[in-house]
Structures are given as structure tokens and as C-alpha cells.
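Geometric and topological summary
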Amino acid sequence: MKKLLVLALVLVMISALMAGCQTTEKLIIGTSPDYEPFEYLDANGNVIGFDMDLFAELAKIMKVEYEVVEYDFSIIISTLQSDQIDVGLSGFTWSEEREGKVLFSTPYYNSAQVAVVLADSTISSVADLEGKTIMAGEGTTGMAAAKEIPNTTVTSPDDYPMAFELLKGGQCDAVVCDLGVAQAYAQKAEFKMLDEYLNEAEEMSIIVNIDNTTLLEKLNSAIEEFMATDAYDALLEKWGLN
């Protein structure tokens, strides 16, 4: 009898030790924090923004831990393909070029590409951008949209804050970016946003490796669950995206 009790206690202790050794899944998130209000650096160098708050809520639903790692936007997809990160979260929208390279989650925000110009600029429409110098991020759908405008010179800055500084300094005529970013900069006295879209409406998604359907399913379920709550609307309002 004593032997059975000892054996039972040993089994209980082993089970407890095994439970203690189990680790929560940890995801590595790749982002380019130069895209206010979606992801950008605060005064202390922390990555903040709508996308960051969104993923914090998704992680709770998925019961996972995560780490945010900064990358240049143009290499996030290749970094994802080489399995250095698990998730790309940086205002990604679907494009033909990206199709087949990564998987796109259920969309979490509706957007479009628009142009921002100086507040006193005579440019008032997309047609006025013809023959002008435009800045847009390398590898973005904004750059692709800008290149569709006839006779334009399209260049890529180091990052979007730099692009807007160069615009303010008269070194370009416009910056093309997502609607939410344009609205954020248009609130500043130096800039205004053109009302006309450069392309059809887009939808922002989280991207994962083309083979990681399991993670995609978890993300889709979490996104759909969170977007059905009032907390999602509150998040949009917090970051001026509603």
C-alpha cells in the first residue's frame, strides 16, 4: 500500500513538473515603425500605434506571447519567407506582387492610397500630380500607385517621417501613403490631404509565411472575434481611424 502511495505521489510530482515546464507559444512580429498612427516610435523608443494595440488584443485571444522586432518595410516579406519572423504587421495590403509570397489574414482596416502636399500647395487633385516629384515607401502599394501617374519622378525616402520632412523642405511635391497616415499628417498645419484616392480601396491585413496555415487560422479567428467587440471601435477612435 505504501509503495502505491509513493508511486502516486511521484506521478503527481512529475505531472506538476511537466506542467511547469510547458511554455506559451511566442511569436516574433516584424514591423517598420515609421507609419503613424499604425506603428511608430514614441519619445522613449517604444513601438506604439494602432497595429501594436490590435495585436496585443489578438495575443490575449490566441493566448500567445510575442516580441516586436524592427525591420525596414521593404525586407519584411523576405524576412518572413526565411522564417526569421512569424508575422508581418506593418500596414500590409494585398497586391498582385505579394500574392503567392505570403498569406494574408482577414482584413482588419479599410484603407486607400492618397497624396499629402503642403498646405499652401496649388496641387488639388491627382491630375495635378502629373510631372511632379513624389515620395513613397519602397515596396509599398503607395509607390506602385504613384508610378501610375504620368511623367512623375517617384523616389523612396529612408522612412516616412523623413519623407514628410523633405516635403516640408520643398524637396518633393507630395508624399503618397495610406489614408490613415495621410489623415494624421493632414492634422498638422504644414500639410493637407487630397480628397481623391490614387487607387481603389484597400484592406490592411496581417501577413504570415505561405506555409503557415495553422497560424493564419488562429489569427483570422482572433481578428474576427475582436472586430465584433466595442473594444475594436474604441481602438479605432483612440488612434483617429474611425
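Just so it is clear, the structure is predicted and the values come from calculations on it, not from any experiment.

Section: the sheet that holds strand 3 (residues 39–41)
Taken in spatial order, the three strands of this open sheet run 2-3-4, and their pairing is antiparallel. Each having just a single partner strand, strand 2 (34–35) and strand 4 (47–48) make up the two edges of the open sheet. Where strand 3 meets strand 4, two bridges bridge the pair, whose relative direction is antiparallel. Residue pairing in the sheet places Y40 in a bridge with I48 of strand 4.

A closer look at the packing of helix 2 (residues 50–62) against helix 8 (residues 230–238)
As a packed pair, helix 2 and helix 8 sit with axes 10 Å apart at the nearest point and diverge in direction by 160 degrees. Between helix 2 and helix 8, the crossing angle belongs to the class labelled roughly antiparallel. The way helix 2 lies across helix 8 gives a crossing that is right-handed. Between helix 2, through F50, D53 and L54, and helix 8, the contact on the second element is made entirely by Y232, L235, L236 and K238. Looking at the contact of helix 2 with helix 8, its residues break down into five nonpolar, no polar and two charged.

So, the side chain of T106
Looking at the element boundaries, T106 is found in the loop between strand 7 (102–104) and strand 8 (109–111). Within polar-contact distance, the side chain of T106 engages the side chain of E224 at 3.1 Å. If we ignore the near neighbours within four places in the chain, the residues touching T106 are S205, N220, I223 and E224.

Some words on the pattern of salt bridges
Opposite charge on two side chains lets them pair, provided their charged atoms get close. The tally for this structure, following the rule as stated, stands at six salt bridges. K26 is the partner of E67 in a salt bridge, and the nearest nitrogen-oxygen pair spans 3.6 Å. Highlighted residues: E67 in strand 5 (residues 65–70) and K26 in strand 1 (residues 26–31), separated in sequence by 41 residues. Overall, the relative accessible area of 35% leaves E67 in the partly exposed class. Since its relative accessible area comes to 44%, K26 is described here as partly exposed. Across the salt bridge formed by E57 and K60, the nearest N and O atoms sit 3.6 Å from each other. Taken as a pair, E57 and K60 lie in helix 2 at a separation of three residues, close to a single helical turn. Classification of K60 by relative accessible area gives exposed; the value is 57%. Connected through shared salt-bridge partners, E165, K168 and E190 make up one network.

Examining the pairing of strand 9 (residues 113–118)
The buried fraction of strand 9 amounts to five of the six residues, a majority that puts the element mostly inside the structure. Inspection of the sheet shows strand 9 paired to strand 12 (residues 174–178) by four bridges, in the antiparallel sense. Looking at the pairing, A115 lines up with V176 of strand 12. Pairing of strand 9 with strand 13 (residues 191–193) involves three bridges; the strand directions are antiparallel. If you follow V117 over to strand 13, its bridge partner there is K192.

Criteria and cut-off values
Residues numbered from 1 in each chain as written. Predicted model: local features only at pLDDT ≥ 70, side-chain atom pairs only at ≥ 80, totals over all residues. Heavy atoms only, no water. Pairing = 2+ DSSP bridges. Helix = DSSP H or I, 4+ residues; strand = E, 2+ residues; numbered from the N terminus. Axes fitted to C-alpha atoms, helices over the stretch in contact; angles between N-to-C directions. Parallel < 35°, antiparallel > 145°, perpendicular 65-115°, else oblique. Left-handed = near helix turned anticlockwise from the far one by under 90°. Contact = heavy atoms within 4.5 Å. Nonpolar A, V, L, I, M, F, W, Y, C, P; charged D, E, K, R; others polar. Polar contact = N/O pair within 3.5 Å; in protein donor to acceptor, adjacent residues only side chain to side chain. Salt bridge = Lys/Arg side-chain N within 4 Å of Asp/Glu carboxyl O. Buried < 20%, exposed > 50% of the residue type's maximum accessible area, 1.4 Å probe, protein only.

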